[in-house]
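# Notes for the structure review
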2 protein chains.
Amino acid sequence: MLDRLQVNDMDLPTNPGRRTLPVLNEDPRGWEVKVWVTLARASTRLERRLGHALAAHGLSLSQFDVLATLWHGEGITQQELAERLLVTKGNVVGLIDRVGAAGWVERRPDPDDRRVNRLYLTDAGRELLSRAFPGHAADIREAFGRFTEDELRQMHQLLERLDTY
Amino acid sequence: MLDRLQVNDMDLPTNPGRRTLPVLNEDPRGWEVKVWVTLARASTRLERRLGHALAAHGLSLSQFDVLATLWHGEGITQQELAERLLVTKGNVVGLIDRVGAAGWVERRPDPDDRRVNRLYLTDAGRELLSRAFPGHAADIREAFGRFTEDELRQMHQLLERLDTY
DNA sequence: TATTGTTATACTCTATAACTATA
DNA sequence: TATAGTTATAGAGTATAACAATA
C-alpha cells in the first residue's frame, strides 16, 4: 500500500482538482474554529489519499462519487445528481461528459418528459465500480482503524448533526 | 445569514436537511464508510458556505488559508508553506503569485540563503485578514452552534486522531 | 412562466516534471 | 548532489450567466 507519494522532489499526498486546507487556530473564545480546522484538514488529507488510490483506476474522487451515486439510484436525472453532489447542473454536464466519454455512464432521454435525461451506469461502469470499491472501502476502514465502533457511532452522529445544521 | 444560495437559476440546497452525498452506505461490516461519507459531505458543505462568504472579500478559501498561515508565522519559506498546506512547492508559486498580485503577500529574499524566499503579509494583507476573519469565524461558530462545548471537545479529539492516523 | 439541460467563460487548484540558481 | 523556487503543461472542478427546448 502506499503511504506517501513521490511528488516532485517532495513527499506529498495527492488528489487533483480540490482545495487546500485551512489553517487558523487562534479563536480565543471557543472550540468551533479549532474543530473546523481539524475537520477540514482531516478531510483534505483523506481526500488526497483516497483520490490517489482511485487514480489507479482512472477515477477522480468526484467521478467516483458520480458512479457510486448512480449505483445507489440509477435513472436519476442530472438535476437530481447535481443536488446530491452539491454542485450546479452546469457542472454536472461536464462531469457526465467526462464519465460518459470514458464509457462508464450514459444519458437516456426520459420518455415522459423530453427535457430530462436519466442517468445509467454502463456495464463497464458497473464493472469498474465493483473493481474500485473494495480497495476504496478498505482504505477508508484503514483510516478509521484506530476507532472503536462506539467512537465511530459517535463521530457519525456528530457529523450528521453538523451536516444538517 | 444565508440559508440557501442562489446558484444559477436553481436553488442549490445549502442545507438540504437530509441526504447523504458521496455515496456509498452499504458496507455491511462497519461504520467507517458511513462516517467518511458524512464527514466528506459536511466538510464540502461548510467549505462551500465559507468560501462563498470569503468571496465577498475577494478571497478564495485557499487564499484565506495562505494569509491565515502567514498570520501565524510570517517569514516562513515557500517550501514550509507548501508543507503546511499539503500542496507542492510548484502549487505554492501560483498561490503566492495570486495573493501577491493582489498585494496581500510579498516575497523577500533570505539574506543568508539566496535560494530562499521568505513570505510576509503586507499591510493590506493584514488589514484584509482582520476584516475577513471575524465574519469567517462567526460563520464557523454558527455552523457548530448546535453543539455543546463538551461535544466540540469530543469532536476535536476524534478528528485529531483521524488526522494523524 | 418555470424547469432541464446545454453552452460559454473565467478562474482556481492540483499533478507532474523539467529547469535554474544556489548550497 | 541536494535543495528552493520557477516554469510549463494538462486537466479537473467550480461559479456565473445566458440560452434552447420543453413543460
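Remember, it's a predicted structure, so these values are computed and weren't measured experimentally.

## Focus: the environment of Leu128 of chain B
Residues and elements named next belong to chain B. Here Leu128 shows up in helix H5 (residues 123-143). What makes Leu128 buried here is its relative accessible area of 3%. Spatially, the C-alpha atoms of Leu128 and Gly58 are 9.5 Å apart, while their sequence positions differ by 70 residues. Sequence-distant contacts of Leu128, defined by excluding residues within four places in its chain, comprise His57, Leu59, Leu67 and Trp104.

## Details of the protein's contact with DNA strand D
Within the structure, DNA strand D sits among 24 residues, and Ser60 and Arg114 of chain A together with Gln78, Gln79 and Asn117 of chain B are positioned closest to it. Sugar and phosphate atoms represent 62% of those atoms of DNA strand D found within 4 Å of the protein. Between DNA strand D and the protein, one listed contact pairs a base nitrogen with a side-chain N or O atom of Asn91 of chain A at 3.3 Å. Arg48 of chain B places a side-chain nitrogen or oxygen 3.2 Å from a phosphate oxygen of DNA strand D. Every element with two or more residues in the surface near DNA strand D is listed here: helix H4 (89-101) of chain A together with helix H3 (78-85) and helix H4 (89-101) of chain B. In terms of residue class, the surface near DNA strand D is made up of four nonpolar, eleven polar and nine charged.

## Here we look at the confidence of the model for chain A
On average, chain A scores 86 in pLDDT, and the residues at 70 or more come to 82%. When the criterion is pLDDT under 50, residues 1-28 of chain A qualifies, and its contacts beyond four places in sequence or with other chains add up to 81 contacts.

## Observations regarding the packing of helix H2 (residues 61-72) of chain A against helix H3 (residues 78-85) of chain A
All names here are of chain A. Where H2 contacts H3, the two axes come as close as 11 Å, and the packing angle between them is 120 degrees. Of the two elements, H2 crosses H3, and the hand of that crossing is right-handed. Contacts between H2 and H3 involve Asp65, Val66 and Thr69 on the former and, on the latter, Leu81, Arg84 and Leu85. Its residues assigned to classes, the contact of H2 with H3 comprises three nonpolar, one polar and two charged.

## A closer look at H3 of chain A
For H3 of chain A, the set of buried residues is Gln78, Leu81, Ala82 and Leu85 of chain A. In an axial view of H3 of chain A, the angular spread of the buried residues amounts to 105 degrees, which keeps them on one side of the axis.

## Comments concerning the nonpolar core
In this structure, Leu67 and Phe144 of chain A together with Leu67 and Phe144 of chain B are the most contacted members of the largest nonpolar core, which totals 90 residues. Not counting residues within four places of it along the chain, the set of residues in contact with Leu67 of chain A comprises Leu59, Val99, Trp104, Val105, Leu121, Gly125, Leu128 and Leu129 of chain A.

## Let's talk about the packing of aromatic side chains
Residues and elements named next belong to chain A. Applying the stated criterion across every chain yields a total of three aromatic pairs over all chains. Seen in terms of ring centroids, Phe144 and Phe147 are 6.2 Å apart; in terms of plane orientation they differ by 45 degrees. Their pairing is tilted. A residue is classified by how much of its surface remains accessible, and Phe147, at 7% relative accessible area, is buried. Over the aromatic face of Trp31 sits the side chain of Lys34, whose NZ or CZ is 4.7 Å from the ring centroid. Over the face of the ring belonging to Tyr120 we find Arg108, whose NZ or CZ atom lies 3.8 Å from the ring centre.

## Points about the side chain of Thr88 of chain A
Here Thr88 of chain A is to be found in the loop between H3 and H4. A distance of 2.9 Å separates the side chain of Thr88 of chain A from the side chain of Asn91 of chain A, its partner in a polar contact.

## Details of the pattern of salt bridges
Summed over the entire model, instances satisfying the criterion amount to 22 salt bridges over all chains. When salt bridges that share partners are traced, they join Arg41 and Arg45 of chain A together with Asp163 of chain B into one network.

## Side note on the environment of Ala55 of chain B
By the secondary structure assignment, Ala55 of chain B is in helix H1 (residues 32-55). Sequence separation between Ala55 of chain B and Ala132 of chain B is 77 residues, and the spatial gap between their C-alpha atoms is 9.8 Å.

## Overview of the environment of Leu46 of chain B
Relative to the assigned elements, Leu46 of chain B resides in helix H1. Separated by 93 residues in the primary sequence, Leu46 of chain B and Asp139 of chain B place their C-alpha atoms 9.2 Å from one another.

## A look at the packing of H2 of chain A against H4 of chain A
Packed helices, taken two at a time, are described by the angle their axes make and the gap between the axes. Residue and element names in this part refer to chain A. Relative orientation of the contacting elements H2 and H4 amounts to 85 degrees, with a least axis distance of 10 Å. Taken together, the axes of H2 and H4 are roughly perpendicular relative to one another. Of the residues in H4, those touching H2 at Ser62, Gln63, Val66 and Leu67 are Leu95, Ile96, Arg98 and Val99. Broken down by class, the residue content of the contact of H2 with H4 amounts to five nonpolar, two polar and one charged.

Cut-offs applied
- Residues numbered from 1 in each chain as written.
- Chains lettered and ligands numbered in written order.
- Predicted model: local features only at pLDDT ≥ 70, side-chain atom pairs only at ≥ 80, totals over all residues.
- Heavy atoms only, no water.
- Helix = DSSP H or I, 4+ residues; strand = E, 2+ residues; numbered from the N terminus.
- Buried < 20%, exposed > 50% of the residue type's maximum accessible area, 1.4 Å probe, protein only.
- Contact = heavy atoms within 4.5 Å.
- Near = heavy atom within 4 Å.
- Polar contact = N/O pair within 3.5 Å; in protein donor to acceptor, adjacent residues only side chain to side chain.
- Nonpolar A, V, L, I, M, F, W, Y, C, P; charged D, E, K, R; others polar.
- pLDDT = per-residue confidence, 0-100.
- Axes fitted to C-alpha atoms, helices over the stretch in contact; angles between N-to-C directions.
- Left-handed = near helix turned anticlockwise from the far one by under 90°.
- Arc of directions from axis to C-beta.
- Core = buried A, V, L, I, M, F, W, Y, C linked by side-chain atoms within 4.5 Å.
- Phe/Tyr/Trp six-rings, centres within 6.5 Å; stacked < 30°, edge-to-face > 60°.
- Lys NZ or Arg CZ within 6 Å of the ring centre and 35° of its normal.
- Salt bridge = Lys/Arg side-chain N within 4 Å of Asp/Glu carboxyl O.
- Parallel < 35°, antiparallel > 145°, perpendicular 65-115°, else oblique.

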